[in-house]
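Chain and residue survey
Residues per chain, in single letters:
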Amino acid sequence: MVRLTDGDDDESAADSDSILESQLNRRNYLKLGAMAASTALSAGVASAASGPEERFGIQWDRVVNAVDDLGMDPNGNEPIDDQLDAAYGSGTLIEFPPGEYLATETQYWNDDVSRFGMVGTGSSHKDVQFVFPSGNNGEKYRFLEITSGDHHVLKNFSIQQTDDDTTTADIWMINDDGGLIEDVEWLGRTPTDNDARRQLLAYDCSSVDGVNVARRVYMREGAELPGYPDGVAGIRVQGGSVGEIRLVDCHIEQRGSSSFRATHTRGVLRVEGGLFKNNDNTNMRISAGDHPEKTSWIKGATVIMDADNLNEHARDGDSLDSPEGLRIDSTGNGYAGVLIEDCDFIFKSCPTSRGIVSSPTWAGHGGFTLRNCRIQNDTSVQTIHADSVDTDTADKPWGVNLENVSITGSTRSQPAGAAVCIDNDRNGSTVQNSCIHFPNGDVDGVLVNDATNCEILDSNINVSGQATVFSGSDVDTSNITSSDSCPLPSADDSTGGDSSSTDDSTDSTTDDSTTDSTDDSTTEPLPNEIRLVGTGTTTQYEFTVTDSLQASGDTIEEWDDISSGTATGWITTEGVEDAYTFSGDVDSFSFLEGESEIYVNGEQVTESTVTDATTDSSTDSSTDGSTDSTDDSTTDSTTDLSHELRLVGTGTQTNYEFTVSDALEASGDTVETWDTIDGTSASGWITTEGVEDTFNFAGSVTSFGFVEGEAEIYVDGEQVTESTVTDATTDSSTDGSTDSSTDDSTDSTDDSTDSQNELRLVGTGVETQYEVSVSGTLEASGDTIEEWDDVSESSATGWVTTEGVDDTYTFTGTITSLSFLQGEAEVYVNGTRVDPSVFSLPNTLVVEGDGTETTYDFMVSGDILNDPLVGAIESDDSVTSGKVKGSVTDGVDAFRFSGDIRKMNLTGDAALTFEDNDG
């Protein structure tokens, strides 16, 4: 992880020992004499103890051995309670030799003791274990309750809860200053809060100037997972804490509730490094605090959520309920200003969750900053959601700042519709020098609702939906690109400390540049080569060859597997590759997750064509090569290839396939070697914005589909949709003598409403009832409609509930009304997600281009939204709070609105039509 720099909010915590030492010097504890608390030990014990010594930057008056000097049983048979209580006093350090020490009573210490320590002497913190009666006699057992004093040290031991369902032991420590809990682990399974307190470690700082440190605290052996609020958290900083608590390089995993929580505290929590993985409720929960000089921060931490792969301590039936990554939360106190920096968030699988990074409305928190963070989201969980802020209670600033934040992943949808959602009154929010790459499904980049004075600057937003969406907001944008991928997070499961206690296996997203020490680089290569080149997406592949297979060079890592003629592996980092040589042919190939570029013998191929790449490659060169997309010479010269199909890239990695009825050939040199024409069918890839693949064909397009991504589609110069492309040339080849009296004056904007359209309502997990009406005909599509849905000729009423499950209809005409009688669902028209409220707006406004650019600027007194059924707008166009700004060249931009047109500016030769249906 990144080392921190000096300064207040940026000061390094790498040197916590020096902090403790400086505090001692400041408070002049070094001048305390050995007589300060000598009455705490019997005369015999005192005489056996060593004299003053300095350890951990603290001067101890006496160092005693728990067994030799205090008579404690290291075999776990006799309780140590009395000896431990008698030894508690200022200036005393107790050393515990390896062994088990039985504690049966809580130590309640509230004597303003200064400089007291309990330290294990083993080479590992597991060598010294405090054990407790099984079941704790029905009590919620607390091992230590220290509610006053300073410079208490707990170091190098473990708390053994055992693996039953009731035994637990927690610690509550309050120090004015100088507290240190280091190399301490809770072992065994943690029960629910029926048998335990709310957390395993409560840690507070009772002085505004104080700093208490917890370094390398481990909680990773599992817990019961009953769902919030019945699970037990890891570490909690409570309301009485007014100074600073630091968590350094901690590893907290699979807790029943938050790994750590500091939401009520008036003091601050500062987290450095560490791994927080698969914790229910939240993996990190923090507020800025209300300290007079400091704010809270989290730096260099890693959060991993992979709910489908709990660690080896999980039991059958264990499952997470609603885990978040990070929740910014002041529980209504209105704090503002927390900083999250140099952190990695990796969500691979997750049940229902509020988000990877969220600040809910009820959390009552003002602004926060994410800086130099990386987020990978392969789930349907919302990536970032800064919910609306209560401006009456929350401190300023209210805005959310994303600086150099990278967001990637294979998610196909977001609950808010966009990767980043900034809600009401988050005024002054900024997104700058950041990167968002969600190429799949239909995901927008940044959504801003009802916020003012916001900025999106110098950022790459490469998403399957719109780059930015603004509703009732004032947002300045500049230098927004959409062509790049983004840096991935690093799943570094290590947290330092005792190597013997590290039990995490290498994560599949670890940097692919690692060399596999088992690779035999001297193996003679086989005649064929296959290379998988990372695109920045976490990818798992599997393939089989018909003969022999081996790794090529040192590209294959320990998590990749070759077994006989089959290979399974992972590749993530953009440009990094896994390479193999083989004999025979590729028999099967599939991506189990994600995607990468595939090269066979230096030629790029697709997932669907890789098995053909070497078939019969050694046969006579006279073999028919007419299927090669580059060979156009075999097309019958008498065939009338009068139609043109163009696929224009939008910046999204896109795989298409289609079939025509008669004949097909590539047009010019637009089709590359990885695109394929086989008779009347073609498949190919297109990615770069504005770059196109063009084909000439005879007859009509009989089928078309995007296997992945999306692109603009043009048939004979007219833009069409994925669902209407097959209608674009129907009957166009009939006798040219067709009655010319057929009405050709119909506005081109009606084309999409006269042909077949598609409406999909996709469940979000909320019980939802909808009703829809169209001006033409409506019918159910496939078997998506159930018996409780009712469909008539032009309307339907139905229910959709389960997340991701849809009701789909085809229709002609326009959607005249669409409303939710209960709940809500995602709405897609011809594959594009739309705001369903657009269909309740009565008036229409259409701008139809003539081939030259026309800019427009409209303002209405009511609401205005894009009508994608008539003409979808581009990402550069904006619709915000009754205002529309955009441009059109050879397409159509269409809107629905309410109220009256207050301003209308049109520069260019485009045609403008509008209907005022509400007076």
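Here the residue numbering is sequential within each chain, running from 1 through the sequence in written order. This being a predicted model, a pLDDT of at least 70 is required before a residue's local features are given, and a value of 80 or more before pairs of side-chain atoms are given or counted; all residues contribute to the totals for chains, interfaces and linings. The side-chain figures draw on all heavy atoms in the structure; neither hydrogens nor water molecules are used.

Quick word on the overall build of the protein chain
Along the backbone of the protein chain there are five helices and 75 strands. For each residue, the accessible area found with a 1.4 Å probe, counting protein chains only, is set against the maximum for its type, and the residue is called buried under 20%, exposed over 50%, and partly exposed in between. Across the 919 residues that make up the protein chain, the buried fraction comes to 55%. Residue contacts are counted whenever heavy atoms from the two residues lie within 4.5 Å of one another. Taking all contacts inside the protein chain whose residues are at least 6 apart in sequence as the whole, residues at least 24 apart take part in 78%. Surface exposure here means Shrake-Rupley accessible area, sampled with a 1.4 Å probe, where a residue is shielded only by the protein chains that are shown. Summed over its atoms, the accessible surface of the protein chain is roughly 35700 Å², and 41% of this surface lies on carbon and sulfur atoms. Numbering of helices and strands starts at the N terminus; helices are DSSP runs of H or I of at least 4 residues and strands are runs of E of at least 2.

Remarks on a negative patch on the surface
Patch definition: residues with relative accessible area over 30% and no salt bridge; like charges joined within 9 Å; nonpolar side chains (Val, Leu, Ile, Met, Phe, Trp, Tyr) joined within 5 Å. What counts as a salt bridge is simple: a side-chain nitrogen of Lys or Arg found within 4 Å of a carboxyl oxygen of Asp or Glu. Asp and Glu are treated as the negative residues and Lys and Arg as the positive ones, with His and the ends of the chain left uncounted. To locate a charge, the coordinates of NZ of Lys, CZ of Arg, CG of Asp or CD of Glu are taken. Negative charge collects at one region of the surface, where D82, D85, E105, D111 and D112 lie side by side. Here D85 shows up in helix α3 (residues 81-87).

Here we look at the packing of aromatic side chains
Ring geometry is summarised as follows: Phe, Tyr and Trp rings, the Trp one being its six-membered ring, pair when their centres sit within 6.5 Å, and such pairs are stacked at plane angles under 30 degrees, edge-to-face over 60 and tilted between the two. In this structure the tally under the stated criterion is 24 aromatic pairs. Ring centres 5.4 Å apart and planes at 75° place the aromatic pair W109 and F116 in the edge-to-face group. Exposure remark for W109: the relative accessible area of 1% places this residue in the buried category. Geometrically, the ring pair formed by Y856 and F858 is stacked, given 5.3 Å between the ring centres and 15° between the ring planes. What links up through ring pairs into an aromatic cluster is the set F96, Y101, F130, F132, Y141, F143 and F157.

Here's the deal with the pairing of strand β37 (residues 444-449)
Of all six residues that make up β37, six are buried, and the element is covered over most of its length. Pairing analysis gives four bridges linking strand β34 (residues 418-422) to β37, with the strands arranged parallel. Among the inter-strand pairings, A418 is bridged to a residue of β37, identified as D444. Here a strand pair is declared whenever DSSP counts at least two bridges between the two strands. For β37 and strand β39 (residues 468-471), the ladder comprises four bridges, and the chain directions are parallel.

So, unusual backbone geometry
Cis rather than trans, the peptide bond between Y228 and P229 has omega equal to 10°. You can see P229 is positioned in the loop between β15 (211-219) and β16 (233-236). Following K396, the chain continues to P397 via a peptide bond in cis, the omega torsion being 0°. Relative to the helices and strands, P397 is located in the loop between β31 (384-386) and β32 (400-403). Located in the positive-phi region is N372, a residue other than glycine, with phi close to 55°. Turning to its location among the elements, N372 is positioned in the loop between β29 (368-371) and β30 (374-377). Of the residues examined, N372 reaches a relative accessible area of 24% and is grouped as partly exposed.

Structural notes on the state of the cysteines
Cysteine sulfur atoms that pair up within 2.5 Å are treated as a disulfide. Enumeration over the complete set of coordinates arrives at one disulfide. Disulfide pairing places C435 opposite C486 at an S-S distance of 1.9 Å. Its S-S torsion of approximately -75° makes the covalent link between C435 and C486 left-handed. You can see C435 sitting in strand β36 (residues 435-438) and its partner C486 sitting in the loop between β40 (475-481) and β41 (528-534), a full 51 residues away along the chain.

Here's the deal with the pattern of salt bridges
All told, the structure shown has 34 salt bridges when counted by the stated rule. Residue R220 pairs with E185 through a salt bridge whose shortest N-O separation is 2.9 Å. On the criterion of sequence distance, the pair formed by R220 in the loop between β15 and β16 and E185 in strand β13 (residues 180-187) is long-range, its members being 35 residues apart. Here R220 falls in the buried class, since its relative accessible area comes to 3%. D318 is paired through a salt bridge with R189; the nearest N and O atoms lie 3.1 Å apart. Here the residue D318 occupies a position in the loop between β24 (302-306) and β25 (324-328), and R189 occupies one in the loop between β13 and β14 (199-205), the gap between them amounting to 129 residues. Across the pair, exposure class does not vary: D318 and R189 are buried alike. Ionic contacts of the salt-bridge type, sharing partners, join the residues K155, E182, D183, R215 and R216 into one network.

Notes on the nonpolar core
The biggest cluster of nonpolar side chains holds 101 residues, and the ones touching the most others in it are M118, F130 and F143. Ignoring sequence-local partners within four residues, the contact set of F130 consists of I80, F96, Y101, M118, F143, F157, S158, I159 and Q160. Note on terminology: a nonpolar core comprises buried Ala, Val, Leu, Ile, Met, Phe, Trp, Tyr and Cys residues joined through side-chain atoms within 4.5 Å. Residues Y656, F658, V660 and V720 belong to the second largest nonpolar core, which totals 21 residues.

Some thoughts on empty space enclosed by the protein
Lining residues are those with an atom within 4 Å of a point, where the points come from a 1 Å grid over the protein atoms alone and group into cavities, where a 1.4 Å probe fits but cannot get out, or pockets, open sets with protein on both sides within 12 Å along at least five of seven lines. Grid points are joined across faces, edges and corners, and a volume is the space filled by probe spheres set on the points. Tallying each qualifying case throughout the model produces one cavity of 30 Å³ or more. By volume, the largest cavity is sized at about 40 Å³. Around the largest cavity, the lining residues are T408, G409, H437, P439, T535, G536 and T537. Here the residues of the lining of the largest cavity sort into one nonpolar, six polar and no charged. When residues of the lining of the largest cavity are assigned to domains, at least three map to each of domain 1 (53-478) and domain 2 (528-612). Gly counts as polar in this scheme, as do all residues outside two lists: the nonpolar Ala, Val, Leu, Ile, Met, Phe, Trp, Tyr, Cys and Pro, and the charged Asp, Glu, Lys and Arg. Domain boundaries shown here were taken from an automatic or database domain assignment.

Describing the sheet that holds strand β56 (residues 701-708)
Spatial ordering of the open sheet is given by β53-β54-β51-β56, a layout of four strands whose pairing is antiparallel. Strands with a single pairing partner mark the edges of an open sheet, and in this sheet they are β53 (676-678) and β56. Neighbour-to-neighbour, the strand axes of this sheet turn through a mean angle of 15°, independent of strand direction. Here the axes come from fitting lines to C-alpha atoms, over the contacting stretch only for helices, and the angles between their N-to-C directions go from 0 to 180 degrees.

Concerning the side chain of T555
Here T555 is to be found in the loop between β43 (549-551) and β44 (561-563). Note on T555: relative accessible area 17%, which makes it buried. In protein, a polar contact means a hydrogen-donor-capable atom and an acceptor-capable atom, both N or O and within 3.5 Å, with residues adjacent in sequence counting only if both atoms are side-chain atoms; elsewhere, any N or O pair within 3.5 Å suffices. Within the structure, the side chain of T555 is placed 3.1 Å from the backbone oxygen of S552, a separation counted as a polar contact. Engagement of the side chain of T555 in a polar contact is seen with the backbone nitrogen of A579, the distance being 2.9 Å. Among all residues touching T555, those that are not within four sequence positions of it are E577, D578 and A579.

A short note on the side chain of D61
Here D61 is to be found in the loop between β2 (58-60) and β3 (62-65). Within the structure, the side chain of D61 is placed 3.4 Å from the side chain of R115, a separation counted as a polar contact.

Here we look at the sheet that holds strand β67 (residues 832-834)
Through backbone hydrogen bonds, the strands of a sheet pair up, either in parallel or in antiparallel fashion. Sheet architecture is open: five strands sit in the order β61-β64-β59-β66-β67, paired in antiparallel fashion. The two strands at the open ends of the sheet, each matched to only one other strand, are β61 (778-780) and β67. The mean inter-strand angle of the sheet, taken between neighbouring strand axes irrespective of direction, is 30°. Relative to strand β66 (residues 825-829), strand β59 (residues 757-763) runs antiparallel, the two sharing five bridges. Bridge pairing in β66 places G763 opposite A825.

Observations concerning the environment of D789
Along the polypeptide, D789 turns up in the loop between β61 and β62 (790-791). When the C-alpha positions of D789 and E771 are compared, they lie 9.8 Å apart, and in sequence the two are 18 residues distant. Those residues within four positions of D789 in sequence are excluded, and the remaining contacts are Y770, T797, G798, W799 and D807. Among the polar contacts made by the side chain of D789, one reaches the main-chain amide nitrogen of E786 at a distance of 3.0 Å. One polar contact links the side chain of D789 to the main-chain amide nitrogen of W799, over a distance of 2.8 Å.

Structural notes on the pairing of β16
Judged from the three bridges that link them, β14 and β16 form a sheet pairing that is parallel. Paired with L201 across the strands is I235, a residue of β16. As paired strands, β16 and strand β19 (residues 260-262) are joined by two bridges and run parallel to one another. Residue pairing across strands places R236 opposite R261, the latter belonging to β19.

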